[in-house]
Amino acid sequence: MVGEAFSQDGVVDEGACLWLRLKTGFLKWKPDYDSAASEYGKAAVAFKNAKQFEQAKDACLREAVAHENNRAAYEQAGMMLKLIEKASMMYLENGTPDTAAMALERAGKLIENVDPEKAVQLYQQTASVFENEERLRQAVELLGKASRLLVRGRRFDEAALSIQKEKNIYKEIENYPTCYK
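Residues numbered from 1 in each chain as written. Predicted model: local features only at pLDDT ≥ 70, side-chain atom pairs only at ≥ 80, totals over all residues. Heavy atoms only, no water.

1. Points about the packing of helix 3 (residues 33-49) against helix 4 (residues 53-69)
The axes of two packed helices give the description: the angle between them and the distance between them.
Here is step 1: Where helix 3 meets helix 4, the axes come as close as 8 Å, and the angle between the chain directions of the two elements is 165 degrees. When the axis of helix 3 is compared with that of helix 4, the two are roughly antiparallel. In this structure, the crossing between helix 3 and helix 4 has a hand that is left-handed. Note on element contacts: helix 4 touches helix 3 through F53, Q55, A56, A59, C60, R62, E63, A66, H67 and N69, opposite Y33, A37, Y40, G41, A43, A44, F47 and K48.
Here is step 2: Here the contact of helix 3 with helix 4 is built from residues that sort into 11 nonpolar, 4 polar and 3 charged. (Axes fitted to C-alpha atoms, helices over the stretch in contact; angles between N-to-C directions. Helix = DSSP H or I, 4+ residues; strand = E, 2+ residues; numbered from the N terminus. Parallel < 35°, antiparallel > 145°, perpendicular 65-115°, else oblique. Left-handed = near helix turned anticlockwise from the far one by under 90°. Contact = heavy atoms within 4.5 Å. Nonpolar A, V, L, I, M, F, W, Y, C, P; charged D, E, K, R; others polar.)

2. Some remarks on helix 9 (residues 156-172)
Here is step 1: Counted at 1.5 Å a residue, the expected span for helix 9 with its 17 residues is 24 Å, and the 24 Å between its end C-alpha atoms agrees.
Here is step 2: In the stretch just after helix 9, E174 is the one whose phi turns positive, near 60 degrees. (Expected span 1.5 Å × (residues − 1).)

3. Regarding the side chain of K118
Here is step 1: Take K118: it is sitting in helix 7 (residues 116-132).
Here is step 2: Sequence-distant contacts of K118, defined by excluding residues within four places in its chain, comprise L81, E85 and I111.

4. Here we look at the packing of helix 5 (residues 72-94) against helix 6 (residues 97-111)
Here is step 1: Closest axis-to-axis distance for the helix 5/helix 6 pair is 7 Å, and the angle between their directions is 160 degrees. Relative to helix 6, helix 5 is oriented roughly antiparallel. Of the two possible hands of crossing, helix 5 and helix 6 adopt the one that is left-handed. Counting all contacts with helix 5, which are made through M80, L81, I84, E85, S88, Y91 and L92, the residues of helix 6 involved are P97, T99, A100, A103, L104, A107, L110 and I111.

5. Side note on a nonpolar patch on the surface
Here is step 1: Where nonpolar side chains cluster on the molecular surface, the patch consists of V151, F156 and I163 and spans about 260 Å² of accessible area.
Here is step 2: Looking at the secondary structure, you find V151 in helix 8 (residues 136-152).
Here is step 3: Since its relative accessible area comes to 38%, V151 is described here as partly exposed. (Patch = residues over 30% accessible without salt bridge, like charges linked within 9 Å, V, L, I, M, F, W, Y side chains within 5 Å. Areas by Shrake-Rupley, 256 points an atom, 1.4 Å probe, with all protein chains shown as cover. Salt bridge = Lys/Arg side-chain N within 4 Å of Asp/Glu carboxyl O. Buried < 20%, exposed > 50% of the residue type's maximum accessible area, 1.4 Å probe, protein only.)

Put into structure tokens, the structure is as follows:
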């Protein structure tokens, strides 16, 4: 349907290209959703520029479906997270805990909206690294982030424990006004 509109109006002749990206066969077992999504995005822009808004809407919807079906992005994100955790462990073994903590904190920030449970785990790991290095202010900050995510996820028992740990660290650094809020 999108390919026919391309050919008829002469805007862009990529209809066959879109079909080939999603077609499977004997040698190609999986459709290439990433490339198809990119092509649908280009098609939507071309349709919009040609003032064919109905076709532009259709192309945008197909682009969204292609992005939704693209599992490679999720697999790459999972692989990236594993590599960051491995790198942080290597930094710790090598004696550079600051870099390990920075890597874990950045990974937590990246994944916070997608997988809050994993982000909580990363923040808690980072807090323990800072705690071992006697950098309690950074540790308490990350425990606070973990506590807020736990409350948002309605895991109140774990949040209470995290807040209690946060409170104990505030006592250690003698920040009494924050400790007794």
